[in-house]
Amino acid sequence: MSLNLAPVGERKKPGAGTRTADAEVSAVRAALASNRIPVPALGVLLLIAAVMLLVNPSFLAPGNLGAIAEQAAVPVVLAVGLTFVILMGGIDLSLEGTLAAASLATALLLANDRNTLDLGLWGMAIAVAIGAAIGLIAGASVALLKVPSFIVTIGTWQIGLGIAQLLFGEKPPRVRDETLRGLASESVLGLPGIVWIAVAVVIIGLLVQSRTRFGRYAYVIGGSEETARLSGVPVRVYRAISFVLAGAAAGLAAVLATARSGVGDVGIGSGLLFTTLAGVVIGGTFLTGGRGGVLHSVVGVVVMVSIANAMVLAGVSPYIQQAVQGAIVVIAASVTLWRARERLRVVK
């Protein structure tokens, strides 16, 4: 056995670079362990890219990646708002109805071929406000009347559709506002404006989640509503706010969807509820509340859009595509909730 007989002052000490590297590794490990990063969803995204590199390399072409980003913009905005509702243990099924009402409002309040109105940006703001108002109806019903959120939001879904059908008339109003149309047709750094708006919404959602009392309380309420109430958290108020945010996000998503299509349409949100909700589940945001977050939901939505895009490029039948997407959601939900089964002790 050898002994270190060097004077104390001459003994080698760990270098600053080593300590920094160890700290960085520890920080990465802590981030992964804390579930702040949606590692499984990111792994699925990389797997899709690897498979498509062999099946059809054009999947990774810049043009196709830009198309995926554009296709994901609307459901990503929806997912940011929906995430806060789900984090608190609720659900919002009214997205397609809210999209329909806000889309018709957008088309009819901006320059169009149906009337002489031309409110410009104010028209877009009113569309977002209509979405928030529908969300407020749902939030007040859940928070004050204590009606289950999935029942209430089925009702507000129909309210939105009813408003849209009333505004629709005999044919869809065509938008002539150049500013709105430019959001989808004009590019910045190779991507259309609607993509950058979606990126801005994601950043705002992450800041709300991590830097505000509302965002922190969302996890507390979703983890244990009774504990949150005993701690003095105004649970009803925060639940209502979450539905208002989800409705406002749906209103903004309707503006973006209308910019892409160029018309106000009752069916503009068809299929988006499935894509958004499936993305939330795949990303790792628990439907039971308290786990996940904005980043998880957004990555999950990108996974769903990428899977759909990949199957189209691979020549998969549309009917098989639907079956595959449904199977993926079932598997993702089962895997995500598996570790929570002991805590839940029920199958909802």
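Notes on the structure in this doc start here.

Conventions we followed
Residues numbered from 1 in each chain as written. Predicted model: local features only at pLDDT ≥ 70, side-chain atom pairs only at ≥ 80, totals over all residues. Heavy atoms only, no water. Phe/Tyr/Trp six-rings, centres within 6.5 Å; stacked < 30°, edge-to-face > 60°. Helix = DSSP H or I, 4+ residues; strand = E, 2+ residues; numbered from the N terminus. Buried < 20%, exposed > 50% of the residue type's maximum accessible area, 1.4 Å probe, protein only. Axes fitted to C-alpha atoms, helices over the stretch in contact; angles between N-to-C directions. Parallel < 35°, antiparallel > 145°, perpendicular 65-115°, else oblique. Left-handed = near helix turned anticlockwise from the far one by under 90°. Contact = heavy atoms within 4.5 Å. Nonpolar A, V, L, I, M, F, W, Y, C, P; charged D, E, K, R; others polar. Salt bridge = Lys/Arg side-chain N within 4 Å of Asp/Glu carboxyl O. Expected span 1.5 Å × (residues − 1). Arc of directions from axis to C-beta. Patch = residues over 30% accessible without salt bridge, like charges linked within 9 Å, V, L, I, M, F, W, Y side chains within 5 Å. Areas by Shrake-Rupley, 256 points an atom, 1.4 Å probe, with all protein chains shown as cover. Lys, Arg positive; Asp, Glu negative; His and termini not counted. Charge placed at Lys NZ, Arg CZ, Asp CG, Glu CD.

A word on the packing of aromatic side chains. Across all of its chains, the model carries three aromatic pairs by this definition. Judged by centre distance (5.4 Å) and plane angle (45°), the rings of Phe 84 and Phe 214 are tilted. Pair noted here: Phe 84 is in helix H3 (residues 62–87) and Phe 214 is in helix H9 (residues 213–223), with a separation of 130 residues, a long-range link. Across the pair, exposure class does not vary: Phe 84 and Phe 214 are buried alike. When the centroid spacing of 6.0 Å and the interplanar angle of 40° are considered together, the rings of Phe 214 and Tyr 238 count as tilted.

Where helix H12 (residues 272–283) meets helix H13 (residues 294–313), the closest approach of the two axes is 7 Å, and the angle between their N-to-C directions is 120°. As summarised for this structure, H12 and H13 are arranged oblique, according to the angle between their axes. For the element pair H12 and H13, the recorded crossing hand is right-handed. Across the interface between the two elements, Phe 274, Thr 275, Thr 276, Ala 278, Gly 279, Val 280, Ile 282 and Gly 283 from H12 touch His 296, Ser 297, Gly 300, Val 301, Val 303, Met 304 and Val 305 from H13. For the contact of H12 with H13, a count of residues per class yields eight nonpolar, seven polar and no charged.

With that settled, consider unusual backbone geometry. Of note, Lys 146 is a non-glycine position whose phi angle comes to about 60°, a positive value. Relative to the helices and strands, Lys 146 is located in the loop between helix H5 (121–144) and helix H6 (149–168). Within the chain, Leu 189 stands out as a residue other than glycine whose phi angle is a positive 55°. Structurally, the position occupied by Leu 189 is in the loop between strand S1 (187–188) and strand S2 (191–192).

Turning to the pattern of salt bridges, a few remarks are in order. Applying the stated criterion across every chain, the model contains four salt bridges. Of the charged contacts, one joins Arg 239 and Glu 225 as a salt bridge, the two residues approaching to 2.7 Å between their closest N and O atoms. In this pair, Arg 239 sits in helix H11 (residues 235–261) while Glu 225 sits in helix H10 (residues 225–230), placing the two residues 14 residues apart along the sequence. A relative accessible area of 13% means that Arg 239 is categorised as buried. Classification of Glu 225 by relative accessible area gives partly exposed; the value is 29%. Linking Arg 229 and Glu 226 is a salt bridge whose minimum nitrogen-to-oxygen distance equals 3.4 Å. Here Glu 226 and Arg 229 lie together in helix H10, a separation of three residues that amounts to about one turn.

Given 3.6 residues per helical turn, the α-helix brings residues three or four places apart onto the same face. Counted at 1.5 Å a residue, the expected span for helix H2 (residues 39–55) with its 17 residues is 24 Å, and the 24 Å between its end C-alpha atoms agrees. If you check which residues of H2 are buried, you get Ala 41, Ile 48, Ala 49 and Met 52. For H2, the buried positions fall inside an angular range of 95° around the axis, keeping them on one side. Of the residues in H2, the exposed ones pointing more than 90 degrees away from the buried face are Pro 40, Leu 46, Leu 47 and Leu 54. Close packing links the buried residues of H2 with H12 and H13.

Two quantities define a packed helix pair, namely the angle between the helix axes and the distance between the axes. Orientation of helix H4 (residues 95–109) relative to H5, taken along the N-to-C sense of each, is 155°, at an axis distance of 8 Å. As the angle between them shows, H4 and H5 are arranged roughly antiparallel. For the pair H4 and H5, the sense of crossing is right-handed. Contacts between H4 and H5 involve Thr 98, Ala 101, Ala 102, Ala 105, Thr 106 and Leu 109 on the former and, on the latter, Gly 123, Ile 126, Ala 127, Ile 130, Gly 131 and Ile 134.

A few words now on the side chain of Asn 309. Inspection of the secondary structure assignment puts Asn 309 in helix H13. When neighbours within four sequence positions are excluded, Asn 309 is seen to be in contact with Phe 59, Asn 64, Ile 68 and Gln 71.

The next subject is a positive patch on the surface. Side chains of Arg 114, Lys 171, Arg 174, Arg 176 and Arg 181 sit close together on the surface and give a patch of like positive charge. Mapped onto the elements, Arg 114 comes out in the loop between H4 and H5. Residue classification places Arg 114 among the partly exposed positions, given a relative accessible area of 34%.

Another aspect to go through is a nonpolar patch on the surface. Together, Val 188, Leu 189, Trp 196, Val 199, Ile 203 and Leu 207 make up a nonpolar patch on the protein surface, roughly 570 Å² of accessible area in all. When residues of the nonpolar patch are assigned to their parent elements, the largest contribution, four residues, is made by helix H8 (residues 193–211). Turning to its location among the elements, Val 188 is positioned in strand S1.

Now for the side chain of Ser 141. Inspection of the secondary structure puts Ser 141 in helix H5. In contact with Ser 141, not counting residues within four places along its chain, are Lys 146, Val 147 and Val 152.

Remember, this is a structural readout, not a statement about activity or role.
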